[in-house]
Amino acid sequence: MARKPGPKKRRTGPEGSVVVIGLGRFGRALALELADEDTEVLGIDEHAEVVQALSGSLTHVVRADSTKEDALRQLGVHEFERAVVAIGTDLEASILTASLLISFGIGNVWAKATSEAHGRILTQLGVHHVVYPEHDMGQRVAHLVRGRMLDYIEFEDDFAMAKTNPPADIIGLPLSNSAVRTRYGITVVAIKRPGEGFTYATAETVVQADDTIIVAGRTRATERFSELH
């Protein structure tokens, strides 16, 4: 259903809504992406110019000191089920804000960490999801620069997915005959022909030289497979 035109109204903490605290580059990009997906977003930042710049782009955006419990309660932050601490440069503010959100009993708290030490503190406070945007992006780009990968995603527990071009030794063969899982420890998940969209790969799928494939497996196995020629 299309969103009705007119001024956006704040809804305090409904299911599916998110509060994003800290609207720097990371927080702003996250909040705007959520808003584009029709998620109700309450944005909070201590800088008036940041708040003014995002006015009208989010469901509600306010200037407030997120280290003050009274300020957050007045905004209804304690009623949200999902919150993101996107504060990066002020470690004290990041830690104090995260601590307050945890004390509110918010079910899912994400927090940006700028170092391993920062991340450990956030984890010890009880933050459910600690993210390292700069590190993760740097790692991802390094994989793309070094190898033949077209895209790369690494998950927890030593698992990754990569978009790449097929190596010569599996071209022209059904996947069941190429034995990629046995030989390389990876699974071909999807395949894309030129001019077409991605489709799920099956045992009968025959890989062609100009195909793009998505593979999944243990991180190092996925990396090694993507480096084959």
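Everything below is about the structure printed above this text.
Residues numbered from 1 in each chain as written. Predicted model: local features only at pLDDT ≥ 70, side-chain atom pairs only at ≥ 80, totals over all residues. Heavy atoms only, no water.

Caption draft 1: Local environment of the overall build of the protein chain. Regarding its fold elements, the protein chain presents nine helices and eleven strands. The 229 residues of the protein chain split such that 38% are buried. A sequence separation of at least 24 residues applies to 54% of the contacts in the protein chain between residues at least 6 apart. Summed over its atoms, the accessible surface of the protein chain is roughly 12,900 Å², and 52% of this surface lies on carbon and sulfur atoms. (Helix = DSSP H or I, 4+ residues; strand = E, 2+ residues; numbered from the N terminus. Buried < 20%, exposed > 50% of the residue type's maximum accessible area, 1.4 Å probe, protein only. Contact = heavy atoms within 4.5 Å. Areas by Shrake-Rupley, 256 points an atom, 1.4 Å probe, with all protein chains shown as cover.)

Caption draft 2: Examining the pairing of strand β8 (residues 159-164) more closely. Burial along β8 is one-sided: Ala160, Ala162 and Thr164 are buried, while Phe159, Met161 and Lys163, pointing the other way, are not. In the sheet, strand β7 (residues 151-155) pairs with β8 via five bridges, with the strands oriented antiparallel. Residue pairing across strands places Phe155 opposite Phe159, the latter belonging to β8. The turn linking β7 back onto β8 is made up of three residues, and Asp157 within it adopts a positive phi angle of 60 degrees. As defined by bridge partners, β8 adjoins strand β11 (residues 212-218) across six bridges and the pair is classed as antiparallel. (Pairing = 2+ DSSP bridges.)

Caption draft 3: Molecular detail of the sheet that holds strand β4 (residues 82-85). Pairing in this open sheet of six strands is parallel, and the strands run β3-β2-β1-β4-β5-β6 from one edge to the other. For this open sheet the edge positions go to β3 (60-63) and β6 (129-131), each flanked by a neighbour on one side alone. Neighbouring strand axes in the sheet, compared pairwise and without regard to direction, differ in orientation by 15 degrees on average. Of the strand pairs in this sheet, β4 and strand β5 (residues 108-112) are connected by four bridges, and their pairing is parallel. What sits directly across from Val84, in β5, is Trp110. Packing of helix α1 (residues 25-36) onto the sheet brings it into contact with β1 (18-21), β2 (41-45), β4, β5 and β6, and relative to β1 it is tilted by some 160 degrees. (Axes fitted to C-alpha atoms, helices over the stretch in contact; angles between N-to-C directions.)

Caption draft 4: Focus on the pattern of salt bridges. What the rule picks out here adds up to four salt bridges. A salt bridge links Arg193 to Asp211, with the shortest nitrogen-to-oxygen separation between them at 2.3 Å. With Arg193 in the loop between β9 (186-192) and β10 (198-200) and Asp211 in the loop between β10 and β11, this residue pair connects regions lying 18 residues apart in the sequence. Residue Asp211 is classed as buried on the basis of its relative accessible area of 0%. (Salt bridge = Lys/Arg side-chain N within 4 Å of Asp/Glu carboxyl O.)

Caption draft 5: Expanded view of the environment of Gln52. Residue position: Gln52 is located in helix α2 (residues 48-54). In this structure Gln52 comes out as exposed when scored by relative accessible area, which is 63%. In this structure, the C-alpha to C-alpha distance between Gln52 and Val62, residues ten residues apart in sequence, is 8.6 Å.

Caption draft 6: Spatial organisation of the layout of surface pockets. Estimates place the volume of the second largest pocket at around 510 Å³. Lining the second largest pocket we find 26 residues, and of these Gly24, Ala86, Ile87, Gly88 and Thr89 sit closest to its centre. Every element with two or more residues in the lining of the second largest pocket is listed here: α1, β2 and α6 (133-146). Tallied by class, residues from the lining of the second largest pocket come to ten nonpolar, nine polar and seven charged. (1 Å grid on protein atoms, 1.4 Å probe; cavity = no way out; pocket = protein on both sides within 12 Å on 5 of 7 lines; lining within 4 Å. Points joined across faces, edges and corners; volume = space filled by probe spheres on them. Nonpolar A, V, L, I, M, F, W, Y, C, P; charged D, E, K, R; others polar.)

Caption draft 7: Structural view of the sheet that holds β8. Across the sheet, which stays open at both edges, the five strands sit in the order β7-β8-β11-β9-β10 with antiparallel pairing between neighbours. In the strand order of this sheet, the two ends are held by β7 and β10, each with one partner. Averaged over all pairs of adjacent strands, the angle between strand axes in this sheet comes to 20 degrees, irrespective of strand direction. Summarising the sheet, β9 and β11 pair through six bridges and their orientation is antiparallel. Note on β11: the bridge partner recorded for Ile186 is Gly217.

Caption draft 8: Geometry of the environment of Ala190. Its location among the elements puts Ala190 in strand β9. The spacing of Ala190 and Thr212 is 22 residues in sequence and 8.5 Å in space, taken between C-alpha atoms. Look past the residues within four positions of Ala190 in its chain and what remains in contact with it is Phe198, Thr199, Tyr200, Ala201, Thr212, Ile213 and Ile214.

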